[in-house]
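# Fold and geometry: a report
Take a look at the letters that make up each chain.
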Amino acid sequence: MSVSTISYVVWAALGVAALGLWWLSYLRPAAAAHPADVVGKLASMPVVRVLFVLGFMWLGWHLFAR
Amino acid sequence: MRTRSAVLLVGGVGYSLVAASTTPFTLPADVLTGSAIVAMAVLVCVRWPLRPRRARPPSAQRPLGHPYLPWVALAVVFVAWELFNYLVHGSRANHPTFSSITDAIDRFYLLKALLFLGWLAAALVIVGRGSRAGLRSHSRPG
């Protein structure tokens, strides 16, 4: 197995884990919070919410403009 | 409410299709992406409370933060893997970063439009959840 294959497999596993947690948040909300609740939690923290929004804006700029 | 959702969906899809047709490092890409960022900044300034109240745990039995731990763990692994791929010696083909993977996705017009639409939708969720009403529903005991 090549190095690049391993890298892509790990990225794919991270994507599957994210989807799995999303699915779990509907089945067992006590085990994994819904993504929107995670955002709500971050948005309730005074400093973190500013960093979170700035980071999200930068992500869009990085992905689509620069 | 349905009309509002339909307008947002149609507007978002249309905007994403136009934005996806632009090329990075050009003025149209800067303008369309920058406009969405400015719109999000304005909405955050208008709708978010100046000082948010700390969210209370949903119940007395449930320890604070527990349902968030799997997401925190995933975020830590994501950042560690991104940093490893970014810093390790070798070609980007062998060690793809999140950015290089999305660059590959961006070569396909419809996938890029979907990615842009997802980013817009996530921005709306962030604005909504951080708003006064969003924070109230988040901190309500359940």
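Below: a short report on this structure. (Residues numbered from 1 in each chain as written. Chains lettered and ligands numbered in written order. Predicted model: local features only at pLDDT ≥ 70, side-chain atom pairs only at ≥ 80, totals over all residues. Heavy atoms only, no water.)

### Focus: the interface of chain B and chain A
- The interface of chain B with chain A comprises 53 residues on the first partner and 40 residues on the second.
- When the two sides are added together, the surface that chain B and chain A hide from each other amounts to roughly 4,200 Å², 72% of it contributed by carbon and sulfur.
- Contact with chain A buries surface across chain B, with Trp71(B), Trp81(B) and Trp119(B) losing the most and accounting together for 16% of the total.
- Where chain B meets chain A, there are 2 salt bridges. (Contact = heavy atoms within 4.5 Å. Buried area = accessible area lost by both parts, 1.4 Å probe. Salt bridge = Lys/Arg side-chain N within 4 Å of Asp/Glu carboxyl O.)

### Digging into the packing of helix α1 (residues 2-20) of chain B against helix α2 (residues 27-47) of chain B
Residues and elements named next belong to chain B.
- Their axes nearest at 9 Å, the elements α1 and α2 cross at an angle of 145°. Once α1 is placed against α2, the crossing between them reads as left-handed. Contacts between α1 and α2 involve Tyr15, Val18 and Ala19 from the former and Val31, Leu32, Ser35 and Ala36 from the latter.
- Taken together, the residues of the contact of α1 with α2 break down into 6 nonpolar, 1 polar and no charged. (Axes fitted to C-alpha atoms, helices over the stretch in contact; angles between N-to-C directions. Helix = DSSP H or I, 4+ residues; strand = E, 2+ residues; numbered from the N terminus. Left-handed = near helix turned anticlockwise from the far one by under 90°. Nonpolar A, V, L, I, M, F, W, Y, C, P; charged D, E, K, R; others polar.)

### Some thoughts on the nonpolar core
- Core analysis: the biggest nonpolar cluster contains 21 residues, and Val53(A), Met40(B), Trp119(B) and Ile126(B) have the highest contact counts within it.
- Secondary structure elements with two or more residues in this core: α2 (35-43) and α3 (46-64) of chain A together with α2 and α5 (109-130) of chain B.
- Residue contributions to this core peak at 6 residues, all from α5(B).
- Discounting residues that sit within four places of it in the chain, Trp119(B) has contacts with Phe56(A), Met57(A), Gly60(A), Phe64(A), Thr33(B), Ala36(B) and Ile37(B).
- Leu14(A), Ala33(A), Tyr68(B) and Trp81(B) belong to the second largest nonpolar core, which has 10 residues in total. (Core = buried A, V, L, I, M, F, W, Y, C linked by side-chain atoms within 4.5 Å. Buried < 20%, exposed > 50% of the residue type's maximum accessible area, 1.4 Å probe, protein only.)

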